[in-house]
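The primary structure of each chain is shown beneath.
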Amino acid sequence: TEENKNALGESPTRVVGSIHALLRDDGCAEFGLFSVDPSYQSRGIGAKLLDAAESHAREKWNLSEAKMFLLEQRKDLYGWYSRRGYLKTGVKVPFPVDAIGKIGKPIVSEEMLVFEELLKTDL
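Note that the coordinates shown come from a computational prediction; the quantities given were computed from them, not determined experimentally.

A. Structural detail: the packing of aromatic side chains. Scanning the entire structure with this criterion turns up four aromatic pairs. Following the ring pairs from residue to residue traces out a cluster consisting of F34, W80, Y81 and Y86. Lying across the ring of Y78, K88 places its NZ or CZ 4.5 Å from the centre.

B. View of unusual backbone geometry. Non-glycine residue L33 carries a positive phi angle of around 50°. What makes L33 exposed here is its relative accessible area of 64%.

C. Representation of the environment of R43 in the model. By the element assignment, R43 lies in the loop between strand 3 (29-36) and helix 1 (45-59). Here S39 takes part through its backbone oxygen, which lies 3.2 Å from a polar atom of the side chain of R43.

D. Geometry of the pattern of salt bridges. On inspection of all chains with the given rule, the structure shows 11 salt bridges. The salt bridge partner of R24 is D26, with a shortest N-O separation of 2.8 Å. The partly exposed category is assigned to D26, whose relative accessible area is 46%. Note that E54 is salt-bridged to R84, the shortest N-O span being 3.4 Å. One end of the pair, E54, is in helix 1; the other, R84, is in the loop between helix 2 (75-83) and strand 5 (87-94), and 30 residues separate them in sequence. Within this structure, R24, D26, E30, K67 and E117 form a network of salt bridges that share partners.

E. Structural view of the nonpolar core. With 21 residues, the main nonpolar core has A29, F31, M68 and Y86 as its most contacted residues. Put simply, the parts of the chain that give this core at least two residues each are strand 2 (15-23), strand 3, helix 1 and strand 4 (66-71). Ranked by the residues each element gives to this core, the list is headed by helix 1, at five residues. The contact partners of F31, leaving out residues within four places of it in the chain, are I19, H20, A21, L50, A53, E54, A57, A66, K67, M68, F69 and Y86.

F. Broad picture of empty space enclosed by the protein. What the rule picks out here adds up to one cavity of 30 Å³ or more. In this structure, the largest cavity occupies an estimated 40 Å³ of space. Taken together, L70, L71, E72, R74, K75, Y78, K88 and E116 form the lining of the largest cavity. Of all the secondary structure elements, the ones that give two or more residues to the lining of the largest cavity are strand 4 and helix 2. Grouping the constituent residues of the lining of the largest cavity by class yields three nonpolar, no polar and five charged.

G. Just the environment of L63, in detail. Structurally, the position occupied by L63 is in the loop between helix 1 and strand 4. When its relative accessible area of 11% is taken as the criterion, L63 is described as buried. As for L63 and D122, which are separated by 59 residues in sequence, their C-alpha atoms are 9.0 Å apart. Among all residues touching L63, those that are not within four sequence positions of it are L23, G27, C28, A29, A57, R58 and L123.

Calculation notes
- Residues numbered from 1 in each chain as written.
- Predicted model: local features only at pLDDT ≥ 70, side-chain atom pairs only at ≥ 80, totals over all residues.
- Heavy atoms only, no water.
- Phe/Tyr/Trp six-rings, centres within 6.5 Å; stacked < 30°, edge-to-face > 60°.
- Lys NZ or Arg CZ within 6 Å of the ring centre and 35° of its normal.
- Buried < 20%, exposed > 50% of the residue type's maximum accessible area, 1.4 Å probe, protein only.
- Helix = DSSP H or I, 4+ residues; strand = E, 2+ residues; numbered from the N terminus.
- Polar contact = N/O pair within 3.5 Å; in protein donor to acceptor, adjacent residues only side chain to side chain.
- Salt bridge = Lys/Arg side-chain N within 4 Å of Asp/Glu carboxyl O.
- Core = buried A, V, L, I, M, F, W, Y, C linked by side-chain atoms within 4.5 Å.
- Contact = heavy atoms within 4.5 Å.
- 1 Å grid on protein atoms, 1.4 Å probe; cavity = no way out; pocket = protein on both sides within 12 Å on 5 of 7 lines; lining within 4 Å.
- Points joined across faces, edges and corners; volume = space filled by probe spheres on them.
- Nonpolar A, V, L, I, M, F, W, Y, C, P; charged D, E, K, R; others polar.

Here you go:
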């Protein structure tokens, strides 16, 4: 739909990455469901997917800001996002317990999973 956009990274035989862009009611883009198959990481696929989502938000929705939520436990990924201009806002959101079974079951207790909001203000 106009408020949602998905992008896929594909090899000749399968999907190797994905990102979802959502036009939020507050006039900000939100990117989620962002992943790249581990065997295809470090090949620029994630950067291309994020570029596509940012470009869509900027050009189709005329936005300059985007948010995403990173699992607090994935400190290893924060450096990559910060180099892309995404900074922590201080907002923390608990894992959506009602989504268990719809998006998969976490391998640790859901009480331990917290998302940190990241914001980029210059798409």
